[in-house]
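The primary structure of each chain is shown beneath.
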Amino acid sequence: MKQTQKYSGACRILTFPHQTQDELYAELNRLGWYWTPAKQQWERDETLAQPASKLIKVRVWAAKESVENTAELFLENAEINGLRLIEKSPPYPCRPPKQLESRIYLTFEDITNNNEL
């Protein structure tokens, strides 16, 4: 594996059997360690976790002539599977060099899983 500063630092913090760098990084994240690119170092953050959002946000990105149809396909399947649409954005054109593509943002609420945390 490439001995980047991120990877070398991760190995100094945690001895963990891993096949890929991503496995090691995921374990560090699970333990509360996060890579700070601006400082080029791993930092521990013990801030208590906030409850997860009850919203599901999806970005549909496709060719501008098909982005609406693609979003509608996703929307239909999401509703069949217990998601309620809260918001659908208009298509946003992408900047060059991706100007032939557009994005639509969808926000859903999962109505099948109303369990409180």
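Parameters at a glance
Residues numbered from 1 in each chain as written. Predicted model: local features only at pLDDT ≥ 70, side-chain atom pairs only at ≥ 80, totals over all residues. Heavy atoms only, no water. Phe/Tyr/Trp six-rings, centres within 6.5 Å; stacked < 30°, edge-to-face > 60°. Lys NZ or Arg CZ within 6 Å of the ring centre and 35° of its normal. Pairing = 2+ DSSP bridges. Helix = DSSP H or I, 4+ residues; strand = E, 2+ residues; numbered from the N terminus. Contact = heavy atoms within 4.5 Å. Salt bridge = Lys/Arg side-chain N within 4 Å of Asp/Glu carboxyl O. Buried < 20%, exposed > 50% of the residue type's maximum accessible area, 1.4 Å probe, protein only.

(A) Structural detail: the packing of aromatic side chains. Summed over all chains, the structure comprises 4 aromatic pairs. Counting every residue linked through ring pairs, the aromatic cluster contains Tyr25, Trp35 and Trp42. The ring centre of tyrosine 25 lies 4.4 Å from the NZ or CZ of lysine 6, which sits over that ring. For arginine 103, the ring lying beneath its charged end belongs to tryptophan 61, and the centroid distance is 5.7 Å.

(B) Representation of the pairing of strand β2 (residues 41-44). In terms of strand pairing, strand β1 (residues 33-36) meets β2 through 4 bridges, oriented antiparallel. In the strand pairing of β2, tyrosine 34 is matched with glutamate 43. In textbook terms, the turn of a hairpin is the stretch between consecutive antiparallel strands, and for β1 and β2 this stretch comprises 4 residues, one of which, glutamine 40, has a positive phi near 55 degrees.

(C) View of the pairing of strand β6 (residues 101-110). With 9 bridges connecting them, strand β3 (residues 55-63) and β6 associate as antiparallel partners. Looking at the pairing, arginine 59 lines up with tyrosine 105 of β6. Where strand β4 (residues 83-88) meets β6, 5 bridges bridge the pair, whose relative direction is antiparallel. Within β6, the residue paired with leucine 83 across the bridge is aspartate 110. Note that strand β5 (residues 92-93) and β6 share 2 bridges and pair antiparallel. Residue pairing for β6: tyrosine 92 is matched across the bridge by arginine 103.

(D) Region of interest: the environment of isoleucine 111. Looking at where isoleucine 111 falls in the secondary structure, it is placed in the segment after β6. C-alpha separation for the pair isoleucine 111 and asparagine 81, spaced 30 residues apart in sequence, amounts to 9.4 Å. For isoleucine 111, the contacting residues outside a window of four places in its chain are Gly82 and Arg84.

(E) Local environment of the pattern of salt bridges. Within the structure shown, the criterion is met by 6 salt bridges. Across the pair glutamate 43 and lysine 39 runs a salt bridge, and its minimum N-O distance is 2.9 Å. Among the salt bridges present, the one from glutamate 46 reaches arginine 44, with a minimum N-O distance of 3.7 Å. Its relative accessible area of 65% is what places glutamate 46 among the exposed residues. In this structure, a network of salt bridges that share partners links the residues Glu68, Glu72 and Lys88.

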